[in-house]
Amino acid sequence: MRTRGRMLLAALYCLLWTFQTSAGHFPRACASSKNLMEKECCPPWEGDGSPCGQLSGRGSCQDIILSKAPLGPQFPFAGVDDRESWPSVFYNRTCQCFGNFMGFNCGNCKFGFWGPTCTERRLLVRRNIFDLSVPEKNKFLAYLTLAKHTTSADYVIPTGTYGQMNNGSTPLFNDINVYDLFVWMHYYVSRDALLGGSEIWRDIDFAHEAPGFLPWHRLFLLLWEKEIQKLTGDENFTLPYWDWRDAENCDICTDEYMGGRNPANPNLLSPASFFSSWQVICSQLEEYNSRHTLCNGTSEGPILRNPGNHDKARTPRLPSSADVEFCLSLTQYESGSMDKAANFSFRNTLEGFASPLTGIADASQSSMHNALHIYMNGTMSQVPGSANDPVFLLHHAFVDSIFEQWLRRHRPLQEVYPEAYAPIGHNRESYMVPFIPLYRNGDFFISSRDLGYDYSYLQDSGPDSFQDYIKPYLEQASQIWPWLIGAAMVGSVLTAVLGGLISLLYHRKRKQLPEEKQPLLMDKEDYHSLLYQSHL
């Protein structure tokens, strides 16, 4: 039965070879010395041959306007890393797309829009991987395999820094397959900073340990999803998610799903799994640091995974439903230093640097999102190369769904996302490394529905939407209700005193005047005098 399933997957994989692809880091069309030295990336749109599809009103080539908001103190250098003020080291002019158009040449539609003129709205639904039918699950595995074996037609990766390229005059780029393109992006965004000589700065990450963690990975998954849609021609494709709440083991770590354990070596995947033959890239960070070079996409060995045989002192268990609910109850998206030391921060607690029991940062523990990476005990457990393991995609899809729950429950304005003083690359208006075309962190601090996708288990909770809407207001009311009751009691006393004073003054006035000369109303002076006394 297992052999038959593999044959069906292989057949489907072969059928998909006829499709071509495109996706997201350095556009091949912008990797020449001319582009790099002129610092311009405005390729023509194939539809009309003009840069950025300008003749068709899709976009135009414009100067990049960088945010000037101050940064946090975590990275005390300037002008030493190619990722600073992204993408200004490489380009200062790119395509700025109009309306619903998107892409490095404005040839695509924004997320959630479809059709030749990008005017059709669609909502796709991400589903639990265990809710997929066998053909749907096999199709997903075949898509992964196809992406691993298809060279990206539109994108290349740099194998050296801008300085090593002699400021663009000697381009250093390699081809890469579609799946590994995204592995490389995750490595590049989280790698250490090369300061020159033998100096390394490790406390830097443009996608983790700070506010941009959730928006960055949201965009990463959207681009990966769109890439598979283009690669396969399947416009309805969505990433499945793995709901790991209350899990006692890795129930997707079987040969029918993401690969079982190799009986001869528990650190490797079962030979019966498609992924057992996969080679990882960008996993040897210390070697790159020692040579002051970048990952060049070279194969470095098989995927390693030994779930459950991890450091249990750091990660005693997988996250529970109660842990998730506690995260969702936190009203602040970010707090304090806005890094992994932040307390009572929804982002920091969900990422796993703060306790899901108290919300207090704890450097000795790895919980929530981080717990899954540690639990996998292998390729997933090292941040830069963790996307080599396809479990990464299912895990982060579920993390994104928790982010979506928080957005729906608390309905924050975009201004809730920090505008300034976040770690480098994480301010609201900062462009996210290493994406071209350009996207800002704040652009993805919005509901997934506005980006064209939803989660099946969140759709099922439709009747609770009103409850989710009013819940934050009820929580605020519960915090101030003693004050409200006290204010009401004081107000009642003041009203009674005021009424008594008015009545007393009124009767005294009547006694002082003949009956026929008594006013029907109080004199204006008496009224204002009484109000003044009552205010005192």
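Cut-off values and rules
Residues numbered from 1 in each chain as written. Predicted model: local features only at pLDDT ≥ 70, side-chain atom pairs only at ≥ 80, totals over all residues. Heavy atoms only, no water. UniProt positions renumbered as here; feature names shortened; annotations may be inferred. Pairing = 2+ DSSP bridges. Helix = DSSP H or I, 4+ residues; strand = E, 2+ residues; numbered from the N terminus. Buried < 20%, exposed > 50% of the residue type's maximum accessible area, 1.4 Å probe, protein only. Contact = heavy atoms within 4.5 Å.

By the naming in an unreviewed UniProt entry, the protein goes by Tyrosinase and is assigned to Neophocaena asiaeorientalis asiaeorientalis. Quoted verbatim from the Sequence similarities (unreviewed entry) field of UniProt, the annotation for the protein is "Belongs to the tyrosinase family." What the UniProt record of the protein gives under Subunit (unreviewed entry) is the line "Forms an OPN3-dependent complex with DCT in response to blue light in melanocytes."

**A few points about the sheet that holds strand 1 (residues 26–27)**
Strand order in this open sheet of 3 strands is 1-10-11, and the pairing throughout is antiparallel. This sheet does not close on itself; its edge strands, each paired only once, are strand 1 and strand 11 (173–174). Relative to strand 11, strand 10 (residues 155–158) runs antiparallel, the two being bridged by 2 bridges. Counterpart to Pro158 in the pairing with strand 11 is Phe173.

**Digging into unusual backbone geometry**
Each neighbour pair has its own omega, and for Trp86 with Pro87 the value is 0°, a cis peptide bond. Within the secondary structure layout, Pro87 lies in the loop between strand 3 (59–63) and strand 4 (93–97). Here Ile436 and Pro437 are connected by a cis peptide whose omega angle stands at 10°. Its place among the elements puts Pro437 in the loop between helix 10 (391–410) and strand 14 (453–455). In the Ramachandran plot, Phe344 falls in the positive-phi region, its phi being about 55° despite a non-glycine side chain. Along the chain, Phe344 turns up in the loop between helix 7 (321–329) and helix 8 (346–351). In this structure, Met368 takes a positive phi of about 45° despite not being glycine. By the secondary structure assignment, Met368 is in helix 9 (residues 368–376). Taking the relative accessible area as the measure of exposure, Met368 reaches 1% and is therefore buried.

**A look at the sheet that holds strand 3**
Pairing is mixed across the open sheet formed by 3 strands, whose spatial order is 2-4-3. Only two strands of the sheet have a single partner each, and these edge strands are strand 2 (40–41) and strand 3. In this structure, strand 3 lies alongside strand 4, joined through 5 bridges in antiparallel fashion. In the sheet register, Gly59 faces strand 4, and the bridge partner there is Cys97.

**Details of the side chain of Asp180**
When you line up the elements, Asp180 lands in helix 4 (residues 178–190). For Asp180, a relative accessible area of 5% corresponds to the buried category. Not counting residues up to four positions away in its chain, the partners in contact with Asp180 are Lys148 and Ile281.

**Section: the pairing of strand 12 (residues 193–196)**
Judged from the 3 bridges that link them, strand 12 and strand 13 (residues 199–201) form a sheet pairing that is antiparallel. Within the sheet, the bridge partner assigned to Leu194 lies in strand 13 and is Ile200. In sequence, strand 12 turns back onto strand 13 through a hairpin of 2 residues, with Gly197 there showing a positive phi of about 65°.

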